[in-house]
Amino acid sequence: MKEKLTAWLTDRVAACEARSTSLAADGRSDEAKFERIRVNVYDLFRTAVQAIHRAQPNEAAAWQMFEQRLEDIPAAWQRSRDLAQQHGDAEKAYIERVKLEVAEDIRRSYEALRGEQA
């Protein structure tokens, strides 16, 4: 499952990078910026999968650690989004929303892969 999730994350990184490059070439720098944010989130979780499995040889414990990251990291982004909204910072709130959307995409894909393993 580690290989499948890592490959899926790598594909998502590549797709977002390609969209970012295309948008930037079209002069759509704001949209390209948001694609780069997506790249960063997919890459963050791809790195987390690899690092956790290197540090934790027990497969079940490694996935438990990953699941905890899938909760903790978006929770911090949610708090940041809430603060941005309270302070009227629409751009920051939108950035945090983009991160949360990507995290949810990752969660759904992880759960689907986990379901395949069952």
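Structure shown above.
Cut-off values and rules
- Residues numbered from 1 in each chain as written.
- Predicted model: local features only at pLDDT ≥ 70, side-chain atom pairs only at ≥ 80, totals over all residues.
- Heavy atoms only, no water.
- Phe/Tyr/Trp six-rings, centres within 6.5 Å; stacked < 30°, edge-to-face > 60°.
- Helix = DSSP H or I, 4+ residues; strand = E, 2+ residues; numbered from the N terminus.
- Buried < 20%, exposed > 50% of the residue type's maximum accessible area, 1.4 Å probe, protein only.
- Polar contact = N/O pair within 3.5 Å; in protein donor to acceptor, adjacent residues only side chain to side chain.
- Axes fitted to C-alpha atoms, helices over the stretch in contact; angles between N-to-C directions.
- Parallel < 35°, antiparallel > 145°, perpendicular 65-115°, else oblique.
- Left-handed = near helix turned anticlockwise from the far one by under 90°.
- Contact = heavy atoms within 4.5 Å.

Taken as a whole and assessed by the stated rule, the structure comprises 7 aromatic pairs. Measuring from ring centre to ring centre gives 6.4 Å for phenylalanine 45 and tryptophan 77, while their planes differ by 85°; the resulting arrangement is edge-to-face. With phenylalanine 45 in helix α2 (residues 29-55) and tryptophan 77 in helix α3 (residues 59-86), this residue pair connects regions lying 32 residues apart in the sequence. Taken as a pair, phenylalanine 45 and tryptophan 77 share a single burial class, namely buried. Relative to tyrosine 110, the ring of tryptophan 63 lies with its centre 5.4 Å away and its plane at 35°, an arrangement referred to as tilted. Residue tryptophan 63 is found in helix α3, and its partner tyrosine 110 is found in helix α4 (residues 90-117); the two are separated by 47 residues along the sequence. Assessed through its relative accessible area of 8%, tryptophan 63 is described here as buried.

We now examine the environment of arginine 28. Among the structural elements, arginine 28 can be located in the loop between α1 (2-25) and α2. Separated by 85 residues in sequence, arginine 28 and leucine 113 place their C-alpha atoms 34 Å apart. Among the polar contacts made by the side chain of arginine 28, one reaches the side chain of glutamate 31 at a distance of 2.8 Å.

Remark: α2 packs on α3, axes separated minimally by 9 Å, with the N-to-C direction vectors making an angle of 150°. Taken together, the axes of α2 and α3 lie roughly antiparallel to each other. Seen along the crossing, α2 lies across α3 with a hand that is right-handed. Mapping the contact onto sequence places Val41, Leu44, Phe45, Val49, Ile52 and His53 in α2 and Glu59, Ala62, Trp63, Met65, Phe66, Arg69, Leu70, Ile73, Pro74 and Trp77 in α3.

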